[in-house]
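Here's the letter readout for the chains.
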Amino acid sequence: LVDFQPVEILFIRFMMGFLALLAVCPRRLQGVTRRQEGLFALAGLCGVCLYYLLENIALTYTMASNVGVIISVSPCFTALLTHFLMRGEDRLRPTFFAGFAVAMAGLISFNGSALELDLRGDLLALLAAFVWACYALLSRKISALGHPTVLTTRRTFFYGLAFMLPALMVSGVRLELTRLTAPVNLGNLLFLGLGASALCFVTWNFAVKALGAVKTSVYIYLVPVITVAASVAILDEPFTWMTGVGTALTLMGLFL
């Protein structure tokens, strides 16, 4: 973020992801109807463009800990949207809501002492969580079409990049490729493009195809648990009793 604007990072990482998926599977996606093309476009708008833009803008107004907790509401949004819009799939049970409550208690325990409300940022983060829930449902519908997952993910990236172009043009982007010669910049962007974009979206879409939108979404609760484990192992950050409580509650909620 020292050298790049958020929308630049977003565009570069998904362009890298698109090119990586093109290299892995260069063949074309065939037999796509107009209705299916609309699903890909909506998925690109929600899961690639709007979600990350809303999350990045939210981070400029409110604390990262707030955003981390609020984004984790998306499994609940996913479950409610699935219940009302896709009847017969992923039937809701009381244990789902119990698990959601316990997991949210765990997530708040991670950062509870640091949470400070900021209406603009927190509402944007909540909207981002809702948009991701929409993407989860769209990816479920796309998985039922029978097309190869790598190809459908690549088509989604294409539309996400197209929807990003207006934001990119009004942001005053500098066309300075020398910024990519810095090893830290290049390494971080490669990780975001190849790992957090190409690999993560393909594996997410495989999971949605196998488990459904709701069951896949609840694994979002594991993100802060993995973050804590990595920060302790890699960054030598302390593991406090509040962190332990948060981890236990989050895992219990996921199990429920």
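Preceding block: the structure.
On a predicted model such as this, the values are computed, not experimentally measured, just so you know.

Draft legend 1. Geometry of the overall build of the protein. For the protein, the helix and strand inventory stands at 11 helices and 0 strands. Each helix and strand of the protein, placed in order from N terminus to C terminus, yields the pattern α-α-α-α-α-α-α-α-α-α-α. The C-alpha radius of gyration computed for the protein amounts to 19 Å, which stays within 12% of the reference 18 Å derived for 256 residues, consistent with globular compactness. Judged by the C-alpha coordinates and their principal axes, the protein covers about 50 × 50 × 35 Å.

Draft legend 2. Local environment of the packing of helix H7 (residues 149-170) against helix H8 (residues 183-211). Look at H7 against H8: their axes get within 10 Å of each other, and the N-to-C directions meet at 120°. By the angle between their axes, H7 is oblique relative to H8. As H7 packs across H8, the resulting crossing turns out to be right-handed. Residues Thr 149, Val 150, Thr 153 and Phe 157 of H7 lie in contact with H8, whose contacting residues are Ser 197, Ala 198, Phe 201, Val 202, Asn 205, Phe 206 and Lys 209. Here the residues of the contact of H7 with H8 are counted per class, giving 6 nonpolar, 4 polar and 1 charged.

Draft legend 3. Fine view of the packing of aromatic side chains. The full count for this structure, using the stated rule, is 14 aromatic pairs. Relative to Phe 201, the ring of Phe 157 lies with its centre 5.3 Å away and its plane at 80°, an arrangement referred to as edge-to-face. Linking Phe 157 in helix H7 with Phe 201 in helix H8, this pair joins segments that are 44 residues apart in sequence. The exposure classification of Phe 157 matches that of Phe 201, with both residues buried. Site record: aromatic cluster; members linked through ring pairs are Phe 14, Tyr 51, Tyr 52, Trp 132, Tyr 135, Phe 157, Phe 201 and Trp 204. Looking at Arg 13, its charged tip hangs above the ring of Tyr 52, at a distance of 4.8 Å from the centre.

Draft legend 4. Spatial organisation of the environment of Ala 20. Along the chain, Ala 20 turns up in helix H1 (residues 6-24). Placed 173 residues apart in sequence, Ala 20 and Gly 193 show a C-alpha to C-alpha distance of 8.3 Å. Residues contacting Ala 20, with those up to four places away along its chain left out, are Leu 194 and Ala 198.

Draft legend 5. A look at the pattern of salt bridges. This model, assessed by the stated rule, comprises 2 salt bridges. Residue Glu 37 is joined to Arg 155 by a salt bridge in which the shortest nitrogen-to-oxygen separation is 2.7 Å. On the criterion of sequence distance, the pair formed by Glu 37 in helix H2 (residues 34-61) and Arg 155 in helix H7 is long-range, its members being 118 residues apart.

Draft legend 6. The arrangement of helix H10 (residues 222-234) in detail. Between the first and last C-alpha of H10 there are 18 Å, a value that for 13 residues agrees with the 18 Å anticipated at 1.5 Å per step. Among all positions in H10, only Val 225, Val 228 and Ser 231 are buried. Projected down its long axis, H10 shows its buried positions confined to an angular sector of 130°, all on one face. Along H10, the residues that are exposed and aim more than 90 degrees away from the buried face are Ile 226, Ala 233 and Ile 234. Following H10 by one or two positions, Asp 236 has its phi on the positive side, about 60°.

Draft legend 7. Up close: the nonpolar core. The biggest cluster of nonpolar side chains holds 51 residues, and the ones touching the most others in it are Phe 14, Met 164 and Phe 201. Those elements giving two or more residues to this core turn out to be H1, H2, helix H3 (64-71), helix H6 (119-143), H7 and H8. Here this core takes 12 residues from H2, the largest share from any one element. Leaving out residues up to four positions away in the same chain, Phe 14 has contacts with Val 48, Tyr 52, Phe 157, Leu 161, Met 164, Ser 197 and Phe 201. Residues Ala 103, Met 104, Tyr 221 and Val 228 belong to the second largest nonpolar core, which totals 16 residues.

Draft legend 8. Highlighting the environment of Pro 6. Examined against the element boundaries, Pro 6 turns out to sit in helix H1. Placed 51 residues apart in sequence, Pro 6 and Ile 57 show a C-alpha to C-alpha distance of 8.7 Å. In contact with Pro 6, not counting residues within four places along its chain, are Leu 1 and Asn 56.

About the cut-offs
Residues numbered from 1 in each chain as written. Predicted model: local features only at pLDDT ≥ 70, side-chain atom pairs only at ≥ 80, totals over all residues. Heavy atoms only, no water. Helix = DSSP H or I, 4+ residues; strand = E, 2+ residues; numbered from the N terminus. Rg over C-alpha atoms; globule rule 2.2 N^0.38 Å. Axes fitted to C-alpha atoms, helices over the stretch in contact; angles between N-to-C directions. Parallel < 35°, antiparallel > 145°, perpendicular 65-115°, else oblique. Left-handed = near helix turned anticlockwise from the far one by under 90°. Contact = heavy atoms within 4.5 Å. Nonpolar A, V, L, I, M, F, W, Y, C, P; charged D, E, K, R; others polar. Phe/Tyr/Trp six-rings, centres within 6.5 Å; stacked < 30°, edge-to-face > 60°. Buried < 20%, exposed > 50% of the residue type's maximum accessible area, 1.4 Å probe, protein only. Lys NZ or Arg CZ within 6 Å of the ring centre and 35° of its normal. Salt bridge = Lys/Arg side-chain N within 4 Å of Asp/Glu carboxyl O. Expected span 1.5 Å × (residues − 1). Arc of directions from axis to C-beta. Core = buried A, V, L, I, M, F, W, Y, C linked by side-chain atoms within 4.5 Å.

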